[in-house]
Amino acid sequence: MGKTAFIFPGQGAQSVGMGNDFYEAHAASREIIDSADRALGFPLSKLMFEGPDGELKKTFNTQPALLTASIAALTALREKGIEPDYVAGHSLGEYSALVAAGVLVFQDAVKIVRARGEFMEAAVPGGQGAMAAVLGADRSALEQLCRSVTEEGHLVEMANINCPGQIVVSGTKEGVAAVGERVKEAGGKRAIPLEVSGPFHSSLMKEAAQKLAEKLEEAAFSEPAVPVVANVTARPAENADRIRELLVEQVYSPVLWEDTVAYLIAEGVDTFVEIGPGNVLTGLVKKMDKTVKLININTLESLSASF
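Reading the values: the criteria
- Counting restarts for each chain, with residues numbered from 1 along the sequence as it is written.
- Local features in this predicted model are restricted to residues of pLDDT 70 or higher, and side-chain atom pairs are both shown and tallied only at a pLDDT of 80 or more, whereas totals for entire chains, interfaces and linings draw on every residue.
- Where side-chain values are given, they derive from all heavy atoms of the structure, hydrogens and water being excluded.
- A strand pair is defined by DSSP finding two or more bridges across the two strands.
- In DSSP terms, a helix is any run of H or I states spanning at least four residues, a strand is any run of E spanning at least two, and both are numbered starting from the N terminus.
- Here an angle of 0 to 180 degrees is reported between the N-to-C directions of two axes, which are lines fitted to C-alpha atoms, with helices fitted over the stretch in contact.
- Residue contacts follow a heavy-atom distance rule, with two residues in contact if any of their heavy atoms lie within 4.5 Å.
- Note that the term roughly parallel is reserved for angles under 35 degrees, roughly antiparallel for angles over 145, roughly perpendicular for angles of 65 to 115, and oblique for everything else.
- Crossing handedness is read from the near helix: turned anticlockwise from the far helix by less than a right angle, it gives a left-handed crossing, and turned clockwise, a right-handed one.
- Side-chain classes are defined by residue name, with Ala, Val, Leu, Ile, Met, Phe, Trp, Tyr, Cys and Pro counting as nonpolar, Asp, Glu, Lys and Arg as charged, and the others, Gly among them, as polar.
- Each residue is placed in one exposure class: buried if its accessible area under a 1.4 Å probe, protein chains only, is under 20% of its type's maximum, exposed if it is over 50%, and partly exposed if it falls in between.

A few points about the sheet that holds strand 3 (residues 129-135)
And then number 1: With respect to topology, four strands assemble into an open sheet ordered 4-5-3-6, the strand pairing being antiparallel. Among the strands making up the open sheet, the edge pair consists of strand 4 (156-163) and strand 6 (190-193). Strand after strand, the sheet turns through a mean of 30° between neighbouring axes, direction not considered.
And then number 2: As defined by bridge partners, strand 4 adjoins strand 5 (residues 166-172) across six bridges and the pair is classed as antiparallel. Paired with Asn160 across the two strands is Val168, which belongs to strand 5.
And then number 3: Its contacts with the sheet place helix 9 (residues 173-181) against strand 3, strand 4, strand 5 and strand 6, and it is angled at close to 145° to strand 5.

A few points about the packing of helix 2 (residues 27-40) against helix 5 (residues 59-78)
And then number 1: Helix 5 packs onto helix 2 with a crossing angle of 155° between their chain directions and a minimal axis gap of 8 Å. Accordingly, the angle class assigned to the pair helix 2 and helix 5 is roughly antiparallel. In terms of crossing hand, the pair formed by helix 2 and helix 5 is right-handed. For the pair helix 2 and helix 5, the contacting residues are Ala28, Ser29, Ile32, Ile33, Ala36 and Leu40 in the first and Pro64, Thr68, Ile71, Ala72, Thr75 and Ala76 in the second.
And then number 2: Class assignment of the residues belonging to the contact of helix 2 with helix 5 gives a composition of nine nonpolar, three polar and no charged.

Observations regarding the sheet that holds strand 2 (residues 86-89)
And then number 1: Reading across from one edge, 2-1-7-8 is the order of the four strands in this open sheet, with parallel pairing throughout. The open sheet has two edge strands with one neighbour each: strand 2 and strand 8 (293-297). The mean angle between the axes of side-by-side strands here comes to 20°, regardless of whether they run parallel or antiparallel.
And then number 2: Relative to strand 7 (residues 269-275), strand 1 (residues 3-8) is paired through five bridges, and the arrangement is parallel. Paired with Ile7 across the bridge in strand 7 is Glu274.
And then number 3: In the packing of helix 6 (residues 93-100) onto the sheet, the strands contacted are strand 1 and strand 2, and the crossing angle to strand 2 comes to about 155°.

Considering the side chain of Thr62
And then number 1: Here Thr62 is to be found in helix 5.
And then number 2: Using a relative accessible area of 0% as the deciding quantity, one classes Thr62 as buried.
And then number 3: Residues in contact with Thr62, not counting those within four places in the same chain, are Gln11, Gln14, Leu56, Lys57 and Leu92.

Here is the structure:
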């Protein structure tokens, strides 16, 4: 019997209108979205449903909005009695996974990610940091290139190891530009600059991580009801205390998504259900294994069609 993993998207998956169909059709989903508005003390739902896009794209708005849209979709899915064997999320999506596994209460999680977004936004002055998606590079060669550029005085590191041939680098504007110029040294085709407000998942985020650590201490963490595969280790986090530590590390460490998917497949997962806006993660899984079943629950229509 095959196993199922619920996977949750991170920043970049947001779009104006997300969650609205679940809000209209499902009372339990509506309660999730209304409770986010109450927890944060402002109408996040209005921003999710109506935009403007520029406001929704601000990190401190994107993070709670994506978490809320993902958990609203999860709540509707659970009404059909579907449960996972494993959960995982990409960067911010790890918080959705922790809510799904019963580690965090949603109302606590939404306040944490709002603060996380604020800390990340404030960590590096605007225009000094950057990120770029490097296509076609060899992982170890790209790691070596990043090290070499950093040693020359411009910090740049691997931030998201998404799937073979797609790795995001993060660091100073000069460091990321240098990797882009020298990408062929790592066997890469090109580097595409990303529209982000900071050098996320790089050691430039350590100040944000310290502030987040304090915020996480205030929240209650429970033991996971199902294994949560962590971004930092690509292995299940053993207990609540370890999960807290890993969430702090995650802010300045690479997201090992390729390794996470490989681990889940090795553990017998043959169905991946991406829950929340967009379909980025199922696309990455497909690049690694075309035989697994991929389901997207990003709209009410997709839920009805799949289950």
